[in-house]
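Breakdown of the fold
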Amino acid sequence: MARWCYRHRLVVLVLWVGALFGLGAAGTSAGTDYSNVFSLPDTDSKQAYDLMTKAFPQSSGDTDTVVWRSSGDAGAVTDTAVRSRIEPALEEIAGIRGVGEVVGPYDTKNAAQISRDGRTAFAQITFTDQANEVSKDLVQKVVDTAQGAERDGLQVELGGQAITRIQEPPTGVSEVVGIAAAAVVLFLAFGSLFAMLLPIVVAITGVGSGMMATMLLSHVTNVPEVAPLLGSLIGLGVGIDYALFIVTRHRRGIQRGLEPEESAVRALNTSGRAVLFAGGTVCIALAGMLVMNLRFLDGVVIATSLTVVLSVLAAVTLLPALLGLLGPRVLSRKQRRKLASAGPDPAEASGPAARWSAYVQERPRSIAAMALVVMAVLALPVLSLRLGATDQGNNQESTTTRQAYDLLAEGFGPGFNGPLQVVVPGGADTTELVRTIRATDDVAQAAAAPPAGGITVIQVVPKTSPQSVGTDRLIDRLRDDVIPEAGVEAHVGGVTAVFKDFASVTGDRLPYFVGAIIGLGFLLLLIAFRSLVVPLTAALMNLIAAAASFGVLVAVFQWGWGTEFLGIGKEGPITAFLPVIMLSLLFGLSMDYQVFLVSRMHEEWVHTGDNARAVRVGLAETSRVINCAALIMICVFSAFVLSGDMEGAMAGIGLAAAVALDAFILRTALVPAAMHLLGRSNWWLPGWLEERLPHLAVEPAEPPAESPTGPDKDTGPNKDTGPVKTAEPVSTAEPEKSGTGGATVVHGFLRTVDGDPLAGASVTLVSRGGRQLDRVTSIADGSYIVSVPAPGAYTLAVTARGLASRAHHVTVGGGPLVYDVELTDDGAGLVN
């Protein structure tokens, strides 16, 4: 498929552009029909909601609030000076097209809309449409008209769902900022404008088509408003990262001598397979949210999974087409000139990543201890985690919705913004129940509305705010003590009670969800790496990363550390559904990095049987791209602080912290240090389990090497084959085996034309399929020894600074092969 997409690139581009514009036109035409379904079956608040729906059918429009407060010499809100300014404004608002009704406080039957001190009052505005369908122009006109009544000593603010629409930043601000930051990271990593654009174009295509498809799906199933935001958040992150892995592999192939088409095909056939595996893992992790059996999360699963699927599809089809358009221009001009003048790059890892890997190998105990201490300290705040819901009291102080919320709390009490409804069915006498509720601690007001349809609703205003622990305790007290003692059937409902039940159910089911995704990850890694210790280590690391990232989340959003600096409003409880979403995404992303890191280690282990070398080489060759990918995700996720949505900001900061801790501390420090300490036991698997496990290779197996015609045959000079054409797969496939006999070695001496030993030269053994099997550096006397997995035909490449890189075919029989090499400025000449 990769070769077809590469050769038919124009067809692929036309198909993708057509699909993107087609979905966009359909989505724009159909609009959105998002719905937040927080109700839960078999909960007290759900029963109260169902009874109220029967007795008091809700109006079709959204109801918002205009709040005003007089101060100083302005007098009470009932004074003529205030009424003369407020009443004309309310009448003008009532006449605006799109406004259905305005209920003010100056009618005697609405006297309760004026505070006891006479300084605060509110009016209710009912629009003809739901909040998400009310145009921003209409909302802005209502706000301007109401606030036009302000003067010295008279403050007017507005609150409600429709009002929040004019406070939202322009659509796509967070996405644009995240993409811009990712572009900077990509340009620094690649040094090429075209290479930088490739992951961004692929990610935008995948996310754009995912968003349009989600808009259409909102008409046939319940999709919450936060789902598209979370979908774009995870879609941008994985879309850019997946394309980054493939483009990095493709560029490396060209730099090591492959033709652009062959390099693209090999990149898709190796890293592309890893992307499919990783994308499938993320989708499975997201589907794990269905274990929670919460209707609200079903739409989140649909939106995020669909976006991930389309991002993966773009990476494995659109990306090879774009690579075909660019050809060698995927490298910078400087890199192309270097390739033409100096030849292909050696397969030797060097630089800071290699030095860090060697440092970890030398000091695994101290590094593991420091990493554990850091993660433990960051995880401490999670002990005070409290689930709940955000409201307009968490908005920034400068917003009119936050000020309206504060004015109502100041004038009518903190609990006025989150009243409770005690619903009594069957026409029972509620006089005694109302009296008992009023006498209950933490209750500010309680009043029964006239019965309707045999159902009575008692409005209860707590003394504490909706997000307070005291309000949660009051709900429990009403349900467990007050209502049973009154001897009547009653149910406690209201938005605050619904959110409390939602948080309780989420907390009760969370252990099952965590067990499901951890068990799934263990099984996948067990099959992929044929080891019990590797998946156990990964499961433990995922739990550590989750605890530390939630600790950061609690410190920022619940304790309020840094909220002013980030500009995200007032602290409060962590949104109840966020742990489920974060754990799903964290599990999927952690699996990506774990597979990418450990698969290279596993490949080296399979070919050498040396755990220390396997861990060192795997970390040296993968840490740079893992850290680059993580840095991009951190940029994308952090930018969602600008989304104007508290849940989006929580998810962005939480995931950014999780990715940073996972990539920079766990995968590049704690995991390799632990694997050095565990030694060969990393790869232990009982024989009986090995026989029963299915075989799963993240990347394809190499074709078998050619068998020799006889043991130790043709060990003389071999024809020079020119530059080595190798790539560096991330694979769990077994080594190719052919002929008879087991593993052996090729060894000998490297010398200059003057006969001096050549130290520090790189010797690489490569399979006929292009797999790097072993790589060593010659020592002081010029000697080297490379491991050979089985008899067969191989390529031996020798590179040294200042000398041309050349390669030879060698055929290894049943025993060691002696192969001395003399290096000259013109290439490699065989001595033996």
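Residues numbered from 1 in each chain as written. Predicted model: local features only at pLDDT ≥ 70, side-chain atom pairs only at ≥ 80, totals over all residues. Heavy atoms only, no water.

What to know about the overall build of the protein chain
A count of helical and extended segments in the protein chain gives 23 helices and 19 strands. Across the 832 residues of the protein chain, 57% fall into the buried class. About 33,700 Å² of surface is accessible on the protein chain, with carbon and sulfur atoms providing 57% of the total. (Helix = DSSP H or I, 4+ residues; strand = E, 2+ residues; numbered from the N terminus. Buried < 20%, exposed > 50% of the residue type's maximum accessible area, 1.4 Å probe, protein only. Areas by Shrake-Rupley, 256 points an atom, 1.4 Å probe, with all protein chains shown as cover.)

Some words on the environment of G569
Of note, G569 is situated in the loop between α19 (563-566) and β10 (574-575). In sequence terms G569 and E397 are 172 residues apart; their C-alpha atoms lie 6.7 Å from each other. With sequence-adjacent residues up to four places away left out, G569 is seen in contact with N394, N395, Q396 and T563. (Contact = heavy atoms within 4.5 Å.)

Points about the side chain of R530
Note on placement: R530 falls in the loop between α17 (495-529) and α18 (533-558). Using a relative accessible area of 10% as the deciding quantity, one classes R530 as buried. Of note is the side chain of R530, whose polar atom sits 3.3 Å from the backbone oxygen of I527. (Polar contact = N/O pair within 3.5 Å; in protein donor to acceptor, adjacent residues only side chain to side chain.)

Examining the packing of helix α8 (residues 226-255) against helix α22 (residues 646-678)
Close contact between α8 and α22 brings their axes to 10 Å; oriented N to C, the two are set at 25°. One finds that α8 runs roughly parallel with respect to α22. Of the two possible hands of crossing, α8 and α22 adopt the one that is right-handed. When α8 is examined against α22, the residues V226, L229, L230 and L233 are found in contact with a partner set consisting of E647, G648, A651, G652 and L655. Of the residues assigned to the contact of α8 with α22, the class counts are six nonpolar, two polar and one charged. (Axes fitted to C-alpha atoms, helices over the stretch in contact; angles between N-to-C directions. Parallel < 35°, antiparallel > 145°, perpendicular 65-115°, else oblique. Left-handed = near helix turned anticlockwise from the far one by under 90°. Nonpolar A, V, L, I, M, F, W, Y, C, P; charged D, E, K, R; others polar.)

Observations concerning the packing of aromatic side chains
Centre-to-centre distance and the angle between the planes together describe a pair of aromatic rings. Taken as a whole and judged by the stated rule, the model has seven aromatic pairs. Their ring planes at 25° and their centres at 5.8 Å tell us that W356 and Y359 sit as a pair that is stacked. In this pair, W356 and Y359 are both assigned in helix α12 (residues 352-362), three residues apart and thus about one turn of the helix distant. Between F412 and F416, the ring centres sit 4.7 Å apart and the planes meet at 25°, which makes this aromatic pair stacked. On the basis of relative accessibility, which here comes to 22%, the residue F416 falls in the partly exposed class. Put simply, the rings of F122, F412 and F416 touch in pairs and so form one group of aromatic residues. Between the NZ or CZ atom of R329 and the centre of the ring of F194, over which it lies, the distance is 5.7 Å. (Phe/Tyr/Trp six-rings, centres within 6.5 Å; stacked < 30°, edge-to-face > 60°. Lys NZ or Arg CZ within 6 Å of the ring centre and 35° of its normal.)

A look at the packing of helix α20 (residues 578-608) against α22
Interaxial distance between α20 and α22 falls to 10 Å at its minimum, and their mutual angle equals 30°. The angle between the axes of α20 and α22 places the two elements in the roughly parallel class. Our pair here, α20 against α22, has a crossing hand that is right-handed. Within the contact of α20 with α22, the residues separate by chemical class into 17 nonpolar, three polar and three charged.

With respect to the sheet that holds strand β7 (residues 443-448)
If you walk across this open sheet you meet the four strands as β7-β8-β6-β9, and the pairing is antiparallel. Of all the strands in the sheet, just β7 and β9 (491-493) have a single pairing partner and so form its edges. Strand-to-strand twist across the sheet, computed as the mean angle between neighbouring axes with direction ignored, equals 25°. Of the pairings in the sheet, the one linking strand β6 (residues 420-424) to strand β8 (residues 456-462) comprises five bridges and is antiparallel in character. Counterpart to V424 in the pairing with β8 is T456. Across the sheet, helix α3 (residues 44-55) touches β6, β8 and β9, and the angle it forms with β9 is around 85°. (Pairing = 2+ DSSP bridges.)

Points about helix α9 (residues 260-287)
Taking 1.5 Å of rise per residue, the 28 residues of α9 would be expected to cover 40 Å, and the 38 Å separating its terminal C-alpha atoms lies within 8% of that figure. Most of α9 sits out of view: 20 of its 28 residues are buried. (Expected span 1.5 Å × (residues − 1).)

A closer look at the nonpolar core
In this structure, Y242, M289, L297, F557, Y593, I632 and F637 are the most contacted members of the largest nonpolar core, which totals 158 residues. Sort the elements by how many residues they give to this core and α22 lands first, with 19 residues. Sequence-distant contacts of F557, that is, excluding residues within four places in its chain, are made with I568, E571, G572, I574, M646, A649, M650 and I653. The next biggest cluster of nonpolar side chains, apart from the first, holds 28 residues, and it includes V99, V134, A146 and L158. (Core = buried A, V, L, I, M, F, W, Y, C linked by side-chain atoms within 4.5 Å.)

Some details on the sheet that holds strand β2 (residues 99-103)
Spatially, the four strands line up as an open sheet ordered β2-β3-β1-β4, and their pairing is antiparallel. Both outer strands of the open sheet, β2 and β4 (154-159), are each paired with one neighbouring strand and no more. Across the sheet, the mean angle from the axis of one strand to that of its neighbour is 20°, orientation sign disregarded. Taken together, the four bridges between β2 and strand β3 (residues 120-127) define a ladder with antiparallel strand orientation.

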